[in-house]
Amino acid sequence: MSKPVRAKISALGTYLPPRVLTNSDLEKMVDTSNEWILERVGIRERHIADKGVAASDMAVLAVQNLLESHPFDLQEVDLIIVGTVTPDMMYPSTACLVQHKLGIKNTWGFDVSAGCSGFVYALNTGVKFVESGQYKKVLVIGADKNSAMTDYTDRAVCIIFGDGAGAVLLEPSEDGAGVIDHVAQIEGAGGKFLYMPGGGSLNPASHETVNQKMHYIHQDGQQVFKYAVKKMAEMTERVLEKNNLSGKDVDCFIAHQANKRIITATADRLGMPLEKVVINIDRFGNTTAGTIPIAMQTALEEKKLKKGDLLLIAAVGAGFTSGASLIRWAF
Ligand code: UT7
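All of these numbers come straight from a predicted model, not from anything done at the bench.

Any chance you could explain the packing of aromatic side chains here in plain terms?
Think of a pair of aromatic rings as described by two things: how far the centres are apart, and how the planes are tilted against each other in angle. With the rule as written, the count across this model stands at 7 aromatic pairs. When the centroid spacing of 5.7 Å and the interplanar angle of 40° are considered together, the rings of Phe129 and Tyr135 count as tilted. Consider the rings of Trp329 and Phe331, whose centres lie 5.0 Å apart with planes at 40°: the pair is tilted. Overall, the relative accessible area of 1% leaves Trp329 in the buried class. On the accessibility criterion, Phe331 (35% relative accessible area) is partly exposed.

So this is what it looks like as structure tokens:
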């Protein structure tokens with residue numbers, strides 16, 4: 001029997017819109033303070049896309065950034081998967097919009113809706129297509145324009161979110177590098193704690209849905225926080241145990257950037273020193289499906305991640321969704 005193909009991340013690109021919203025800007029908009037946000041969440045500032053810039057535009061810019069570091073013919077892309085909960089519109093999918101804007105002719109694609117786990121779910125889906133031997137180049141993108149769904153009078157929500165995108169290229173691996181394994185779980189009972197109720201088939205857009213602020217992010221922060229701390233630890237431990245590994249074997253840990261306290265609590269539970277943990281929430285806030293590829297970029301820049309390293313990624317998000325992956329880094 002031939003050895004199964006492993007899928008490696010062979011290139012990475014990110015995009016963050018240039019406009020920055022600082023804690024002191026937010027102090028002028030809602031009853032909050034720089035000290036409270038820094039202490040309770042760990043954010044200093046976040047990037048916000050301009051009106052008219054959609055999730056697909058940020059996704060395209062992330063792919064163009066990827067091409068700068070890793071030039072290749074985009075016409076070779078077999079499949080595009082976009083993790084997002086802020087698609088440009090209900091349909092067509094963001095993947096279709098991205099394909100058209102990039103001018104890729106012979107490909108297919110779809111969106112993955114998994115909240116803050118969007119990139120991890122999209123990645124693991126793309127990995128399966130490469131492992132099957134069927135596809136050689138898969139673009140996996142996480143892109144969210146959270147500012148479009150944020151009520152900037154709700155202080156418990158508007159301080160958290162930012163906009164951004166990241167893209168990776170998956171290709172078959174020849175040297176053992178690549179995605180080793182993953183775990184994932186959904187628990188729909190948690191849907192009531194983080195959701196956007198308006199605009200779907202249950203509550204189609206109307207004056208009433210607008211008046212009731214149904215087109216904004218609704219969140220029970222404490223419930224999400226408690227679940228995220230528990231589940232982030234559970235999923236990371238599960239994927240490590242499944243592969244007979246422990247936190248000590250991991251060279252770099254990237255958790256979804258939702259709250260600095262969730263990240264440090266997970267690292268603590270895994271017995272992982274903070275030098276191995278990537279934290280950029282202070283600069284970018286929570287970009288939902290964008291956080292993990294953007295944090296991969298931070299890890300490379302800070303030299304916390306290099307070729308051959310064992311990388312652990314994990315996310316928990318709306319749904320509830322959760323997942324974790326083990327990756328042997330390829331470049
Ligand atoms: O990726 C998934 C997306 N979301 C998350 O992961 C979010 C997870 N949850 C969290 O990060 C935290 O729960 C929050 C940052 C949302 C809130 O922090 P917290 O420490 O859990 O605050 P809390 O909800 O327990 O509220 C404590 C107090 C309340 O005041 P009272 O009732 O004690 O007087 C809030 O009204 O803090 C108040 N508060 C604020 N004060 C200043 C809530 N938001 C703010 C704010 N500035 N922005």
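Would you take a moment to explain helix 8 (residues 221-242) for this structure?
The periodicity of an α-helix, 3.6 residues per turn, causes residues three or four places apart in sequence to face the same way. Along its 22 residues, helix 8 runs 31 Å from first to last C-alpha, staying within 8% of the 32 Å computed at 1.5 Å per residue. When helix 8 is considered as a whole, its buried residues turn out to be Val224, Tyr227, Ala228, Lys231, Met232, Ala233, Met235, Thr236, Val239 and Leu240. Among the residues trailing helix 8, Asn244 stands out with phi positive, at a value near 55°.

Looking at this structure, I do not really get the nonpolar core. What am I missing?
Within soluble globular proteins, side chains that are nonpolar tend to cluster in buried spots. Core analysis: the largest hydrophobic core is formed by 42 residues, its most contacted members being Ile159, Phe253, Met272 and Leu312. Put simply, the parts of the chain that give this core at least two residues each are helix 6 (155-158), helix 8, strand 11 (252-255), helix 9 (260-269), strand 12 (310-317) and strand 13 (321-328). With 7 residues, the top contributor of residues to this core is helix 8. In terms of domain composition, this core takes at least three residues from each of domain 1 (7-175) and domain 2 (180-328). Apart from the residues within four sequence positions on either side, Ile159 is in contact with Leu26, Thr32, Trp36, Ile37, Val41, Ile43 and Arg46. Core analysis: the next-biggest nonpolar cluster, separate from the first, contains 33 residues, Val138, Leu170, Ala295 and Ala315 among them.

Is there a simple way to think about the sheet that holds strand 4 (residues 79-83) in this case?
On the basis of which strands lie adjacent, the open sheet formed by 5 strands has the order 1-7-6-4-5 and mixed pairing. Edge positions in the sheet fall to strand 1 (7-15) and strand 5 (108-112), since each of these pairs with one other strand and no more. The sheet shows a mean angle of 20° between the axes of neighbouring strands, direction not considered. As paired elements, strand 4 and strand 5 share 5 bridges and run parallel to each other. Each residue of the ladder has a partner; that of Leu79, found in strand 5, is Trp108. The sheet contacts of helix 3 (residues 55-69) involve strand 1, strand 6 (138-145) and strand 7 (163-172), and relative to strand 1 the element is tilted by about 115°.

Would you take a moment to explain the pattern of salt bridges for this structure?
Side chains that differ in sign of charge can pair as their charged atoms come close. Throughout the structure, instances matching the rule amount to 15 salt bridges. Where Arg155 meets Asp31, a salt bridge forms, and the shortest distance between an N and an O atom there is 3.7 Å. Taken as a pair, Arg155 in helix 6 and Asp31 in the loop between helix 1 (23-27) and helix 2 (34-40) lie far apart in primary sequence, 124 residues in all. A relative accessible area of 60% places Asp31 in the exposed class. With a shortest N-O distance of 3.3 Å, Lys306 and Asp309 are connected by a salt bridge. Classification of Asp309 as buried rests on a relative accessible area of 7%. Three or more residues joined by partner-sharing salt bridges are found here, namely Glu187, Lys231, Glu234 and Arg238.

Is there a simple way to think about the sheet that holds strand 13 in this case?
Strand-to-strand pairing in sheets goes through backbone hydrogen bonds, with the strands running parallel or antiparallel. The 4 strands are arranged 8-13-12-11 in an open sheet whose pairing can be described as mixed. Each of the sheet's edge strands pairs with one partner strand only, and the pair in question is strand 8 (178-186) and strand 11. Direction aside, the axes of adjacent strands within the sheet are offset by 10° on average. In terms of strand pairing, strand 8 meets strand 13 through 8 bridges, oriented antiparallel. Across the sheet, Ala184 pairs through a bridge with Gly323, a residue of strand 13. Against the sheet, helix 5 (residues 118-131) engages strand 8, strand 12 and strand 13, with an angle of about 130° to strand 8.

About the thresholds
- Residues numbered from 1 in each chain as written.
- Predicted model: local features only at pLDDT ≥ 70, side-chain atom pairs only at ≥ 80, totals over all residues.
- Heavy atoms only, no water.
- Phe/Tyr/Trp six-rings, centres within 6.5 Å; stacked < 30°, edge-to-face > 60°.
- Buried < 20%, exposed > 50% of the residue type's maximum accessible area, 1.4 Å probe, protein only.
- Helix = DSSP H or I, 4+ residues; strand = E, 2+ residues; numbered from the N terminus.
- Expected span 1.5 Å × (residues − 1).
- Core = buried A, V, L, I, M, F, W, Y, C linked by side-chain atoms within 4.5 Å.
- Domains from an automatic or database assignment.
- Contact = heavy atoms within 4.5 Å.
- Pairing = 2+ DSSP bridges.
- Axes fitted to C-alpha atoms, helices over the stretch in contact; angles between N-to-C directions.
- Salt bridge = Lys/Arg side-chain N within 4 Å of Asp/Glu carboxyl O.

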